[in-house]
Amino acid sequence: MKIADDGVLQFTVPMPFALREVHVYALETSTGWVLIDSGFPSEAARAQLSAELQQAIGGLSRIALIILTHFHPDHSGLAGWMQQGSGCPVVIHEADWPLLQRMNTLDMAGEFFRPIAKGAGLSSGDLRELFQEVNVPVTSPTIVVGGETFSIGGRDLDLVWTPGHTEGHLCVFDRRTGVLFTGDHLLARITPHVGRVHAAGRNPLHDFENSLALVERMAPRRALPAHEGPVEDVGARCREIAAHHQSRRQQILAEVRAQPKTAPQIAKDVFHGRKGGMHQMLALSETEAHLEALVDEGLLVRVQDDEAAEPSYELQA
Ligand SMILES: [Zn+2]
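Residues numbered from 1 in each chain as written. Predicted model: local features only at pLDDT ≥ 70, side-chain atom pairs only at ≥ 80, totals over all residues. Heavy atoms only, no water.

Participant: Would you mind going over the sheet that holds strand β13 (residues 261–262) with me for this structure?
Facilitator: In a beta sheet, neighbouring strands pair by backbone hydrogen bonds and run either parallel or antiparallel. Across the sheet, which stays open at both edges, the three strands sit in the order β13-β15-β14 with antiparallel pairing between neighbours. Single-partner strands in this sheet number two, and they are β13 and β14 (300–303). With four bridges connecting them, β14 and strand β15 (residues 312–315) associate as antiparallel partners. In the sheet register, R302 faces β15, and the bridge partner there is Y313. Across the face of the sheet, helix α8 (residues 234–257) comes into contact with β13, β14 and β15 while running at roughly 95° to β15. (Pairing = 2+ DSSP bridges. Helix = DSSP H or I, 4+ residues; strand = E, 2+ residues; numbered from the N terminus. Contact = heavy atoms within 4.5 Å. Axes fitted to C-alpha atoms, helices over the stretch in contact; angles between N-to-C directions.)

Participant: Honestly, the coordination of the zinc ion in this entry has me stumped. Any pointers?
Facilitator: Around a metal, the perfect tetrahedron of four donors has angles of 109.5 degrees, and the perfect octahedron of six donors has angles of 90 or 180 degrees. On the protein side, the zinc ion has H70 (NE2), H72 (ND1), H165 (NE2) and D184 (OD) as donor atoms, found 2.1 to 2.3 Å from it. Geometry at the zinc ion is irregular, judged from the four donor atoms that bind it and their angles of 87 to 176° at the metal. The sequence motif formed by the donor residues of the zinc ion is H-x1-H-x92-H-x18-D. Placement of H72 in the loop between β5 (63–67) and α2 (73–76) and of H165 in the loop between β9 (155–161) and β10 (170–174) is noted, with a sequence separation of 93 residues between them. Residue H72 shares its accessibility class with H165, and that shared class is buried. (Donors = N, O, S within 2.8 Å, 3.2 Å for Na, K, Ca; no water. Tetrahedral: all angles 85-135°; square planar, octahedral: opposite > 155°, others 65-115°. Buried < 20%, exposed > 50% of the residue type's maximum accessible area, 1.4 Å probe, protein only.)

Participant: Would you explain the sheet that holds strand β3 (residues 21–29) in this entry?
Facilitator: Sheet architecture is open: seven strands sit in the order β1-β2-β3-β4-β5-β6-β7, paired in mixed fashion. The sheet is open, and its two edges are formed by β1 (2–5) and β7 (142–144), each paired on a single side. Each strand axis lies, on average, 30° off the axis of its neighbour in the sheet, ignoring direction. The pairing of β3 with strand β4 (residues 32–36) spans five bridges and is antiparallel. What sits directly across from A26, in β4, is L35.

Written out as structure tokens, the structure reads:
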């Protein structure tokens, strides 16, 4: 545990793969603690967090509210356990709630994590065991859409809808301190993953870019993300990530200039350094998000010759 900001504790919880650890933040208020995210649902993570919360805040019963930035298990996985021990409300965006419910069935969690687990050398059996360790689903969530303010024990916390990484991703802005809790929307070093899975008519990349612009306009004093260290110059980091996606667009356009290509071919050429199941899966879904964005922008056309075949993409004439 460490002090991350004025009245904000940071608990760093282990996870068995990928980013290896995730931060849970606890904000002190005069009527208890507000937790932002909850950690990965393994027994190791639960035991560590249980001991640290006991020591730092006096245990689960001192939690007054839990806000989930998004449904991914490293953020939401221990929320059910925390809710059981505290009886407190759990806040989640309406677009991410159905996904969290699906994630609570072990099969869905297994499906979601299979490529990631493979990359970390875990079998499907290991994975199943891992997800059975702590499987306490969230019940009766407080569903939000962003724009709400939770005033609790002297803090005013604004929920900011920042779709992109997931469709229902939320950032939490603490008005008094100017700190923005960014979940996976804004990270200090890693470019957050932007996938293809959004409701019809929404492009995840366009959503993500709009959300970056929104955070830049908010100009928070600093950002505390769920992985890695804090972001001190939020505007600069927003612009850096936006520029990364612009150059990715140019790379993809260059790839199809000579001849039409399918999404897997483009992903392979653009992300050529990426090896392993998870990296390939993320590269493909991110490429697809870009391709759909370029189609929407009128720069590419999608060509489907035969129902069964992968569509290919070519420059708009
Ligand atoms: Zn995530």
